[in-house]
Structure formats: structure tokens, C-alpha cells
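Report on the structure
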Amino acid sequence: MNKAVWFARHELRLAMREVMWMLSAGKPRRQKIALVLLLLLAAFLHFVAWAIVAPYAKVTFPPDRTTLVVITGSAFLGWTVMISQAMESVTRAFYTRADLDLLLSSPAPTRLIFVLRVGAIGITTSLLALILIGPFINALAYAGGLHWLSAYGVLFAMSATAAALAVGMTILLFRTIGPRRTRFVAQVVAAIVGAVFVIGVQAISIFAYGSLSRFDALHSSLVMQHMPDLDSPFWLPARAAMGDIPALVLVMGLGFSFFALAVSVASRRFGEFAVAAAGAGAGNVRQRAKRKFRGGSAAAALRRKEWTLLIRDPWLVSQSMMQILYLIPPALLLWRNYGSDNGNLVVLAPVLVMAAGQLAGGLAWLAISGEDAPDLVSTAPIKTHAVIRAKTEAVIGSVAIVLAPIVAAIATASLWIAFITSVGIVVAAASSTTIQLFFRAQAKRSNFRRRQTSSRIATFAEAFSSIGWAAAAGLTAAGSLLAIPAGALAVLVLALARLLRPKDTALRA
Amino acid sequence: MPASEFALEISNLVKRFARPAVDGLNLRVRSGEFYALLGPNGAGKTTTLRIVAGLLQPDRGDVSIFGIDALRDPVAAKSVLAWVSDEPMIYDKLTPLEYLEFVAGLWGVDARIAQSRARELLGWLELGPHADTRCEGFSKGMRQKVALAGALVHDPKLIILDEPLTGLDAGSARQVKKVLAERVQAGCTVIMTTHILEVAERMAERIGVIASGKLIAEGTLEELRRRAGKNNSTLEDIFLDLVGPSDIAA
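Here we summarise the structure given alongside this text. None of these values were measured; they are calculated from a predicted model.

1. With respect to the overall build of chain A
Scanning chain A from N- to C-terminus turns up 21 helices and zero strands. A total of 509 residues make up chain A; the buried ones form 47% of that total. By sequence separation, contacts in chain A at least 24 residues apart represent 80% of the contacts at least 6 residues apart.

Rendered as C-alpha cells:
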């Protein structure tokens, strides 16, 4: 059998098992349930996509500038997410040693290994995009005509260019800042690259219309004025997506050529970079010499430890603080409307409460499930509930420190909204922490990115609880009695999570 | 704290997972003794010691540490005990000194005393030059020594070590053994599991052999030799005679 085909089959098998593991949280019996849930999710996404895009599916040819701007803007949004996903995968391809030592020490050509691995990254990026964007293309094709199906070709070309760009950026980082820093910088870039575009577009919406809607930004006169003429090649992807066959051929040709070029150039030095990445290690980081031990209770020692570990892990900070980036648009909204309209401030209450719930969920996972020395803490002469209380305080304290400046700014404009927001933040953070306690399962902190796979119930409970408290806070701030059922829903989610929590092997004390 | 002749007393201890891991175990370790607990893989050594350390709940039985009922008053029992596992669990982003400060905080040791002990321990274990370096770049041996220093910083009366020498180089292993011997001389009780029979032979005052969750032999090396009827045999010969090939395969 041809070596490339044999190796491709091996890679495909590993990739399939990885996907199934992620879907079923490593439990083979759950695979069928996971597939059924995936199909239900696909059906739901089609329903959502239909509701959003069906009214715009019937376009006239040649398309006007607004249509081209909206399609190009939406495609660019998807593309940034693809680049983010591809960068994360490329970094792992270099740094995860799982089988790389075996492969690089074998007589298999390193170029072949690299080409297949990057090819696999391109395919997995396409698959992710298919799950998220496919329903929208299908809805457009059903409502507006089969010509929309050519958007799939654009999607594949975008995935290829995203993978190529990710390879190019990683290699560039290797050369400029070295293998040790590349890992961290690439992961942070991957984390924020998608968010930056979303935030940028929302910022334009806020300044142009005083609204958080991204579509408002794409329609804004500011954007329209700065867009190129209708016959510009800039619109080729949008035209290709709408069924312009020559444009589609050109876009796909350019996309795959770019991919081939990047892989061809980078593959020559893959072995060299992979070996450099292996030798990078963690390095020796010296802290300032410790002069005096701090005293205090065991709880104080636990809180200090949690905060120190969090501050010293920039990657975890970048991952868990992603929610904070999404607070920039509401903060801008607050700034723009300051003193003019309390109605807009009401919008901030649910946004901040939602962010608090999500941020607390991540931090609570790190503090509770991501405890690196569980035996040490469990053998200490401190009661379990005291450990949990100290860790909860560390989590809620962190959330409070992050959100306090925005709440303080709201307080100068409306004490009532600031009060409701503060209460909502504490309750949402405490709820997410409680859910993490219900579903705690020992894991390495480095598995933070994949924490959702350990318990789907916890993930959904955390999300619905945050949504419930956010709605309750927003409605209370707006003076609506509907806040009561919203709060009741959040309490119900907590009760259900408690009911469904795994039977824990409780520790003594 | 009640005075007790025994550092550890285990009576009729039972713990079942899919099959019985510990099956009616009875064990007594005297105060100030170096006790080695031996047994083939899956014999129930680690399960027993994890129950003693408060990391597992038994299905049945009693555990007493220096006369304290460890199942009824675990916090009091834990205050005199230290646990070191084969896989050193430390925090990569903390330095050894910060780690020891944290452990001392958990055990409520006075900050000044803890600091002085921490410096002394790191010196003994030859970690002084790395005291302010984050543990993330440390070798297995260095990490194990940091974990051991953590176990000693609160001056425990009973130290339980589960395979502490696994993966250590000769130099690190010697340092760990030296520190443990010094602790026993100072009156501390040490219970250690190991697959390195030569270590048990040279260091332990008494040796217990466990198989299928039960204690099948116990005594000094001489007593075990007499019992086996082989006066010049090594501990390895006695051990293999006791547990038999089927248990080793398990």
C-alpha cells in the first residue's frame, strides 16, 4: 500500500476516535446518544438559520452593495473563527508530543507527516464550519434557489486559506519569538482572533447607531462609504457564494493554491521546528526571592494559592477571560450613552450577569476540578466544606474584581441598576460554582479547554442558569414582574443539576 | 491527644471495588517505627494507605492514628499525618518555597517556624538553589523531593509514603532515604510501600506482606527468615515464597 495512503488512514482513524471521544466524553455507550443529539442540534440550527436568512434569500442579480457587504462581512466573521480553530490545531500539531517522537524517529519522511497533518487540520476546520454555517447555506438554497449551494465551495476554500494562514503565522512566530514563546502567543492569538472582529463590528454599530447589533454596523453609512466599487475583486467570495461560477472557480483555485504553497514551504522545515518545540520545555522561571512566609488561616492559604496559580498562567487567563473581551461592546455602549438614557443601561445588567456566570464557571472548574494536588488538600486537617468555601470565595472574588469597575461606572449613572447588576453577578457566579461542585471530576488544569466534554449536563446547566439569572436581572432592572419566572427558571436549573449530579464518593471530613 | 503505643491500628478493614481490594485487614504499627508494607500489584497496599490518609472511605473496619479514631475525627487524625504518593502532586506555577508556605498554611503552622523549617528542608534535600524557581521545569526527582519537603514541613508524627522512590535517580533516592531515616531517629513513624525490596530490607524495622487484601506475614527480616526456614535468604526470596507466582502475575 502506498505509504501516504496508509498514513492518511491512520490519521483519519485517530481523528475519528478523537471526535467520538469528544462527543461521548470518553464513554463508548454514549456514542449513539451523542450522534442523536448532534442530529437534533443540526435540525435546530436549520430552524434558527431559516428564521434568520430566509427573508433575504431571494436576491436580485447583479447584487447590490448592501447584499455584498452583508455576505462578505458574515463570511469574514466565519473565517476569523476558522483561523482561530486552525491556529489552535497547528500549535497542537507542533507541541503535542503524543506520537511525534515515534514518527520523527521513524524512517517516514517528515514532509509527508506534516502535509497529512495540516491536510487533516484543513478538513477538521471545514467540518466545524459545515456544522455551523451549513444550515444557513441550506436554508438560503431552500428559500432562494440552488445557486446558493456554491457557498459550500467558498466555505472549503476559506477553510483551506485559514489552515494555510495558521501554518504561516505559527512558522513566523517560531522564527521571530522562538519556540518557547510561540506556544503561548499562538494560543492567545487563536483565542482572541475571532473575538476581535466581532467586537470591532459591534463597536462600529455602537458608535454609528448606539446599538449592539452587528448587522447595523454592516449597513452603516461609515462602512458603505469605505467599501470598494461593485466590480472590485474584493467581492469575489460573496459573488461566488451566490452562485457566480467563474468567481467560484477563481476563489476555490486561489484558496487551494494558497494552501498548497503554505504547506509546501512550511513542510521543508517541519522536522526542524518540531524538534525545536520538543526542546523548548517549560524553562526555569525564577520568582522574586521570598522573604517572609505569610500567616493566616488554611482558607486564606487556599485563596492565595488559587489566585497565584491563576495570575501565573497567562494561557488559562486568556481562555477564561475570553468572556471579558465580550464586555468591551457593552462598556462602549455605556460610555457612549452615559448620562443620556438609562434605558440603554438596563441592557448592561443581563450582559454583565451572563458574563459573570460564564466566567465563574470556568474559574470554578480550575479551582475545584483542576486542582493539581487533590491528595494534598484532601489529607490536610481542614474540613471539606471549608475547602469548598475558600475556593468559592476565590472564584467569586476574582469575578468581582474583574466586573467591579464596570458596575462602579453604572452606579454613577444609576444606583438601582448597579445594585441589581451586583446582586445578579454574585448569584450567577455562585450558581455556576455550585454546578461545578455538583459535577466535579478530577482533571488536569491543562484540560481546561476541553472541560465541557467531562459533563454535558454541567455545561448546559451552567449556560441555562446564567441565562436565567441574566434575564431575571435585566427584567428586574427594567421593572418587569417577568423577572420572577426568569429567576424561578434559574433556581429550577440548579435543582435539576443537583438531582442529576453523579453519586460522589464523598471524602471524609 | 491520647498517648498511644501504636502510631497506626487497623482492625477488620474492608474495601471493595469490583472485587475486594482490602479484605478484613488487621495491622499495627508501633510509634517511632519504620514499617515497610510489601505486596504484589493489586494486593491492596495503596488502597489501605489511602484509607488511612483519609482519601478513601472503607466499607467496614476501624482506623486509629495515635489513638485517634480516624474515621470519626478525620481532621484531628490528619493533623499528625503526612501523605506522599508515587506521583508527586505539586503546583507547577509555584516555587518550592511557595509550595511549602501553602502546605504550612493548610496545617496551620506558625509562619516564622514554617519558613525556618522550609529553608532547612530544602537545604537537606539539596533544593536550596531552586527555592525560588517555579516547579514547572523540575525533573521527577526534584518534584518528588519538593513533595517530600511538603510532607515534612508541618512536622508530622506519622509519614505514609506510597512508592516514593519510583523513578528517582540513585542520588535523589539516597537523599530521600537519608531524610526518612533521620526522621525515624527523631521519633517519627514512617510507613512505606515499595517494590524495591532491597530498600525495605535495609531500612525497615518491621515488614508486612499483604496479598489479596490480607496481611499474610509480618515481622523483622530475621523473623521472616525464621518463619520461611531460610536463614541466609534475601527478602526477595522470602517475598516470592510468600506471595507465590500467581499473585505476582496479578
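2. A closer look at the overall build of chain B
Regarding its fold elements, chain B presents nine helices and ten strands. Taken against the 2.2 N^0.38 rule, which gives 18 Å for 250 residues, the C-alpha radius of gyration of chain B at 18 Å falls within 12% of a compact globule. Counting only C-alpha atoms, chain B reaches 50 × 40 × 35 Å along its principal axes. Long-range pairs, those at least 24 residues apart, make up 71% of the contacts in chain B between residues at least 6 apart in sequence.

3. A short note on the side chain of Thr 48 of chain B
Checked against the element boundaries, Thr 48 of chain B lands in helix H1 (residues 45-52). Non-local contacts of Thr 48 of chain B, meaning those with residues more than four positions away in its chain, are made with Ile 10, Leu 13, Val 22, Leu 25 and Ile 210 of chain B.

4. What to know about the side chain of Arg 183 of chain B
Position of Arg 183 of chain B among the secondary structure elements: in helix H6 (residues 170-185). Here Arg 183 of chain B is in contact with Leu 121, Trp 124, Leu 152, Asp 155, Ile 159 and Cys 188 of chain B, once residues within four sequence places are set aside.

5. Topic: the sheet that holds strand E1 (residues 6-16) of chain B
Residue and element names in this part refer to chain B. Strands sit in the order E2-E1-E4-E5 across an open sheet of four strands; the sheet is antiparallel. The sheet terminates laterally at strand E2 (20-30) and strand E5 (68-69), the two strands that pair on one side only. Pairing geometry for E1 and E2, over eight bridges, is antiparallel. Considered in E2, the bridge of Leu 8 is made with Val 29. Here H1 sits on the sheet in contact with E1, E2 and strand E4 (60-65), set at roughly 120° to E1.

6. Let's talk about the environment of Thr 193 of chain B
Residue and element names in this part refer to chain B. As for its placement among the helices and strands, Thr 193 is situated in strand E8 (residues 189-193). Using a relative accessible area of 0% as the deciding quantity, one classes Thr 193 as buried. The contacts of Thr 193, once residues within four sequence positions are left out, are Leu 37, Lys 45, Leu 49, Leu 161, Asp 162, Glu 163 and Pro 164. Engagement of the side chain of Thr 193 in a polar contact is seen with the backbone nitrogen of Glu 163, the distance being 3.0 Å.

7. Brief notes about H6 of chain B
Residue and element names in this part refer to chain B. With 16 residues, H6 should cover 22 Å at 1.5 Å per step; its first-to-last C-alpha distance of 22 Å lies within 8% of that length. Of the residues making up H6, those classed as buried are Ser 172, Ala 173, Gln 175, Val 176, Val 179, Leu 180, Arg 183 and Val 184. Those residues of H6 hidden inside the fold are in contact with strand E3 (34-38), helix H4 (111-124), helix H5 (140-152), strand E7 (158-162), E8 and helix H7 (197-203). The residue sitting at the N-terminus of H6 and contributing the capping side-chain oxygen is Asp 169; that oxygen lies 3.1 Å from the backbone nitrogen of Gly 171. Downstream of H6 by a residue or two, Gly 187 has a phi angle that is positive, lying close to 105°.

8. Some words on the nonpolar core
Note on soluble globular proteins: their nonpolar side chains tend to be buried together. Within the largest apolar cluster, 75 residues are counted, with the highest numbers of intra-cluster contacts made by Leu 376 of chain A together with Tyr 91, Leu 148, Leu 180 and Ile 207 of chain B. Once residues lying within four places of it in the same chain are set aside, the contact partners of Leu 148 of chain B are Val 84, Leu 125, Leu 161, Val 176, Val 179 and Leu 180 of chain B. Among the nonpolar cores identified, the runner-up in size contains 49 residues, and Phe 7, Met 82, Ala 93 and Leu 103 of chain A belong to it.

9. A short note on the interface of chain A and chain B
Contact with chain A, which involves 40 residues of that partner, is made by 42 residues of chain B. At the boundary of chain A with chain B, the tally comes to three salt bridges. Asp 375 of chain A is the partner of Arg 50 of chain B in a salt bridge, and the nearest nitrogen-oxygen pair spans 3.1 Å. Taken together, chain A and chain B are joined by nine residue pairs in polar contact (both at pLDDT 80 or more). Of all the elements in the fold, those that place two or more residues in the side of chain A that touches chain B are helix H12 (298-311) and helix H17 (374-378) of chain A. Broken down by element, the residue count for the side of chain A that touches chain B peaks at six residues, all from H12 of chain A. Looking at the side of chain A that touches chain B, its residues break down into 18 nonpolar, eight polar and 14 charged.

10. A look at the packing of helix H19 (residues 415-438) of chain A against helix H20 (residues 456-477) of chain A
Residues and elements named next belong to chain A. Across the interface, H19 lies against H20 with an axial gap of 9 Å and an inter-helix angle of 165°. With respect to H20, the axis of H19 lies roughly antiparallel. For the crossing formed where H19 meets H20, the hand is right-handed. Contacts between H19 and H20 involve Trp 416, Ile 417, Ile 420, Val 427, Ala 428, Ser 431, Ser 432, Ile 435 and Gln 436 from the first element and Ala 458, Ala 461, Glu 462, Ser 465, Ser 466, Trp 469, Ala 473, Thr 476 and Ala 477 from the second. When the residues that make up the contact of H19 with H20 are grouped by side-chain class, the tally is eleven nonpolar, six polar and one charged.

11. Regarding the sheet that holds E7 of chain B
Residue and element names in this part refer to chain B. If you trace the six strands from one edge of the open sheet to the other, you get E6-E7-E8-E3-E9-E10, paired in mixed fashion. Strands at the two margins of the open sheet, each flanked by one partner only, are strand E6 (81-84) and strand E10 (214-219). Pairwise comparison of adjacent strand axes, ignoring direction, gives a mean angle of 15° for this sheet. Judged from the four bridges that link them, E3 and strand E9 (residues 206-211) form a sheet pairing that is parallel. Following the sheet pairing, Leu 37 is matched in E9 by Gly 208. Set on the sheet, H1 makes contact with E3, E6, E7, E8 and E9; between it and E7 the angle comes to about 145°. Packed onto the sheet, helix H8 (residues 221-228) meets E9 and E10 and runs at close to 110° relative to E10.

12. A word on the pattern of salt bridges
When charged atoms on two side chains of opposite charge get close, those side chains can pair. Residue and element names in this part refer to chain B. A full pass over the atoms with the stated rule returns 22 salt bridges over all chains. A salt bridge links Arg 143 to Asp 92; its shortest N-O distance comes to 2.9 Å. Taken together, the residues span a long stretch of sequence, with Arg 143 in helix H5 and Asp 92 in the loop between E6 and helix H3 (96-106) at a distance of 51 residues. For Asp 92, a relative accessible area of 29% corresponds to the partly exposed category.

13. Brief notes about unusual backbone geometry
Residues and elements named next belong to chain B. The phi angle at Glu 163 is positive, at roughly 50°, despite the residue not being glycine. Positionally, Glu 163 belongs in the loop between E7 and H6. Notably, Ser 212 is not glycine yet its phi reads approximately 50°, a positive angle. Positionally, Ser 212 belongs in the loop between E9 and E10. Overall, the relative accessible area of 44% leaves Ser 212 in the partly exposed class.

14. Describing the pairing of E8 of chain B
All names here are of chain B. The buried fraction of E8 is high, at five of five residues. Both E7 and E8 contribute to a ladder of five bridges, which runs parallel. Its bridge partner lying in E8, Ile 160 is registered against Ile 191. Once the chain exits E7 it traverses H6 before rejoining the sheet at E8, and the crossover so formed is right-handed.

15. So, helix H21 (residues 483-500) of chain A
All names here are of chain A. With 18 residues, H21 should reach 26 Å at 1.5 Å per residue; the first-to-last C-alpha distance of 26 Å fits that figure. Inspection of H21 places Ala 483, Ala 486, Gly 487, Ala 490, Val 493, Leu 494 and Ala 497 among the buried residues, and these make up the whole buried set. In a view along the axis of H21, the buried residues occupy a sector of 110°, so they form one face of it. Seen from the buried face of H21, the exposed residues on the opposite side, beyond 90 degrees, are Ile 484 and Leu 499. In this structure, the buried residues of H21 make contact with H19 and H20.

Criteria and cut-off values
- Residues take numbers from 1 onward in each chain, read along the sequence in its written order.
- Chains carry letters and ligands carry numbers; both start at the beginning, A for chains and 1 for ligands, and go up in the order they are written.
- Per-residue local features of the predicted model are confined to residues with pLDDT of at least 70, and side-chain atom pairs are confined, for both listing and counting, to 80 or more; whole-chain, interface and lining totals are unaffected and use all residues.
- Calculation of side-chain values draws on the structure's entire complement of heavy atoms; hydrogens and water are dropped beforehand.
- Counting from the N terminus, the helices are DSSP H or I runs at least four residues long and the strands are E runs at least two residues long.
- Only protein chains enter the accessibility calculation, which uses a 1.4 Å probe. A residue is then buried if its area is under 20% of the maximum for its type, exposed if over 50%, and partly exposed in between.
- Should any heavy atoms of two residues lie within 4.5 Å, those residues are considered in contact.
- Radius of gyration means the value over C-alpha atoms here, while the globule rule gives 2.2 Å times the residue count to the 0.38 power.
- The rule for pairing is simple: two strands pair if DSSP sees at least two bridges between them.
- Between N-to-C directions, angles cover 0 to 180 degrees, with each direction set by a line fitted to C-alpha atoms, over the stretch in contact for helices.
- What qualifies as a polar contact is a pair of N or O atoms within 3.5 Å, subject to a donor-acceptor requirement within protein and to the restriction that residues adjacent in sequence count only when both atoms come from side chains.
- Between the first and last residue of a helix there are one fewer steps than residues, each counted as 1.5 Å, and that sum is the expected span.
- For the purposes of this section, nonpolar cores are sets of buried Ala, Val, Leu, Ile, Met, Phe, Trp, Tyr and Cys residues that join through side-chain atoms within 4.5 Å.
- The salt bridge definition used is simple: a Lys or Arg side-chain nitrogen within 4 Å of an Asp or Glu carboxyl oxygen.
- Residue polarity follows a fixed list, in which Ala, Val, Leu, Ile, Met, Phe, Trp, Tyr, Cys and Pro are nonpolar, Asp, Glu, Lys and Arg are charged, and the others, Gly among them, are polar.
- Just so you know how the angles are binned, under 35 degrees is roughly parallel, over 145 roughly antiparallel, 65 to 115 roughly perpendicular, and the rest oblique.
- Definitions for this section: a left-handed crossing has its near helix turned counterclockwise from the far helix by less than a right angle. A right-handed crossing has that turn clockwise.
- When the strands point away from the viewer, a crossover counts as right-handed if the route from the first strand across the helix to the second turns clockwise.
- What the arc describes is the spread of directions from the helix axis to the C-beta atoms.

These figures capture arrangement, not role.
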